[in-house]
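One letter stands for each residue in the lines below.
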Amino acid sequence: PTIAPQAGSAPSNAIVGTVDLAPARPLDALLRAGAMPAASRPRVLAALALAVARLHDARLHPRDLYLNHVFASPYGSPPGVTLIDLERATGRRWLRRRAVVRDLAALRASTPDDLVSAGERRRFLARYLRARGRDVRAAFASLANAVERKATSVRAHVPRTPVGDAARPRPSRS
């Protein structure tokens, strides 16, 4: 992961433009297409856990941390992840627990249950906690429960600005 602001540095208002992230693709698309080699899955998920932990350690709250905003390149050595659409990210003097829960819940809500096992999700959260220097045994259950509860409400949320199928006009009934 390339997101690692220097300790003590203020978040910048920099914008990074790139022509192409190929061969990286959105992680949700890779999972749905079955295009991620089985050997790469644990390493990609570990890279994602580390990237999110680094964001949070830098006191950054992405606010739109969904799986389609995670581009993965599972064929590299090591496989890497790139986070996109971070324009709504906010920096704080301290990062509140509810912001952490919200970010992790957004990832959880956008992760298809049939494509990522419960074990993979547990390992992701444990790696995230270890990367942040937290005691996994002490923090895991509380954080996992909070993330699951918030993920349920994220899934039920109807956006103010519809996207995808919700934004398509419906045929009129005449």
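In this text, all values refer to a predicted model and were calculated from it rather than measured experimentally.

## Points about the overall build of the protein
The number of helices and strands found in the protein is 5 helices and 5 strands. From first element to last, N terminus to C terminus, the protein shows the α and β order β-α-α-β-β-β-β-α-α-α. With 174 residues in all, the protein has 38% of them scored as buried. Excluding contacts between residues fewer than 6 apart, the proportion of contacts in the protein whose partners are at least 24 apart in sequence is 75%. Summed over its atoms, the accessible surface of the protein is roughly 11,100 Å², and 52% of this surface lies on carbon and sulfur atoms.

## Side note on the side chain of His69
When you line up the elements, His69 lands in the loop between strand S2 (60-61) and strand S3 (70-73). A polar side-chain atom of His69 sits 3.2 Å from a polar atom in the side chain of Asp85. Excluding its chain neighbours within four sequence positions, the residues that come into contact with His69 are Asp64, Thr82, Leu83, Ile84 and Asp85.

## Observations concerning the packing of helix H3 (residues 97-109) against helix H4 (residues 118-131)
Two elements in contact, H3 and H4, have axes separated by 12 Å at closest approach and are oriented at 150 degrees. Taken together, the axis directions place H3 and H4 in an arrangement best described as roughly antiparallel. Our pair here, H3 against H4, has a crossing hand that is right-handed. Residues Val100, Leu104, Leu107 and Arg108 of H3 form the contact with H4, whose participating residues are Arg121, Phe124, Leu125 and Tyr128. By residue class, the composition of the contact of H3 with H4 is 6 nonpolar, no polar and 2 charged.

## Looking at the sheet that holds S3
On the basis of which strands lie adjacent, the open sheet formed by 3 strands has the order S1-S3-S4 and antiparallel pairing. Pairing within the sheet leaves two strands with one partner each, and these edge strands are strand S1 (25-26) and strand S4 (80-83). When S3 meets S4, the two strands line up antiparallel, connected through 4 bridges. Directly across from Val70, in S4, lies its bridge partner Leu83. Against the sheet, helix H2 (residues 41-57) makes contact with S3 and S4, and its axis sits at roughly 40 degrees relative to S4, the strand it touches most.

## Some details on the packing of H2 against H4
Where H2 contacts H4, the axes come no closer than 8 Å and their chain directions differ by 40 degrees. Between H2 and H4, the crossing angle belongs to the class labelled oblique. Relative to H4, H2 is oriented so that their crossing is right-handed. Contacts between H2 and H4 involve Arg41, Leu45, Ala46, Leu48, Ala49, Leu50, Val52, Ala53, His56 and Asp57 from the first element and Glu120, Phe124, Arg127, Tyr128 and Ala131 from the second. Broken down by class, the residue content of the contact of H2 with H4 amounts to 10 nonpolar, 1 polar and 4 charged.

## As for H2
Spanning 17 residues, H2 covers 24 Å between terminal C-alpha atoms, matching the ideal 24 Å at 1.5 Å per step. Within the sequence span of H2, burial applies to Arg41, Val44, Leu45, Ala47, Leu48, Ala49, Ala51, Val52, Ala53, Leu55 and His56. In this structure, the buried side of H2 is in contact with helix H1 (27-33), S2, S3, S4, H3 and H4.

## Quick notes on the confidence of the model for the protein
Residues of the protein with pLDDT of at least 70 account for 78%, and the chain-wide mean is 83. Of all helices and strands in the protein, the one with the weakest mean pLDDT is strand S5 (residues 90-91) (84), whereas H4 scores best (97). Of the regions scoring below 50 in pLDDT, residues 1-9 engages in 12 contacts with residues more than four places distant in sequence or in other chains.

## Examining the environment of Pro79
Of note, Pro79 is situated in the loop between S3 and S4. Considering only alpha carbons, one finds Pro79 and Val44, 35 residues apart in sequence, at a separation of 5.7 Å. Residues contacting Pro79, with those up to four places away along its chain left out, are Ser40, Arg43, Val44, Ala47, Ser73 and Pro74.

Quick notes on the rules
- Residues numbered from 1 in each chain as written.
- Predicted model: local features only at pLDDT ≥ 70, side-chain atom pairs only at ≥ 80, totals over all residues.
- Heavy atoms only, no water.
- Helix = DSSP H or I, 4+ residues; strand = E, 2+ residues; numbered from the N terminus.
- Buried < 20%, exposed > 50% of the residue type's maximum accessible area, 1.4 Å probe, protein only.
- Contact = heavy atoms within 4.5 Å.
- Areas by Shrake-Rupley, 256 points an atom, 1.4 Å probe, with all protein chains shown as cover.
- Polar contact = N/O pair within 3.5 Å; in protein donor to acceptor, adjacent residues only side chain to side chain.
- Axes fitted to C-alpha atoms, helices over the stretch in contact; angles between N-to-C directions.
- Parallel < 35°, antiparallel > 145°, perpendicular 65-115°, else oblique.
- Left-handed = near helix turned anticlockwise from the far one by under 90°.
- Nonpolar A, V, L, I, M, F, W, Y, C, P; charged D, E, K, R; others polar.
- Pairing = 2+ DSSP bridges.
- Expected span 1.5 Å × (residues − 1).
- pLDDT = per-residue confidence, 0-100.

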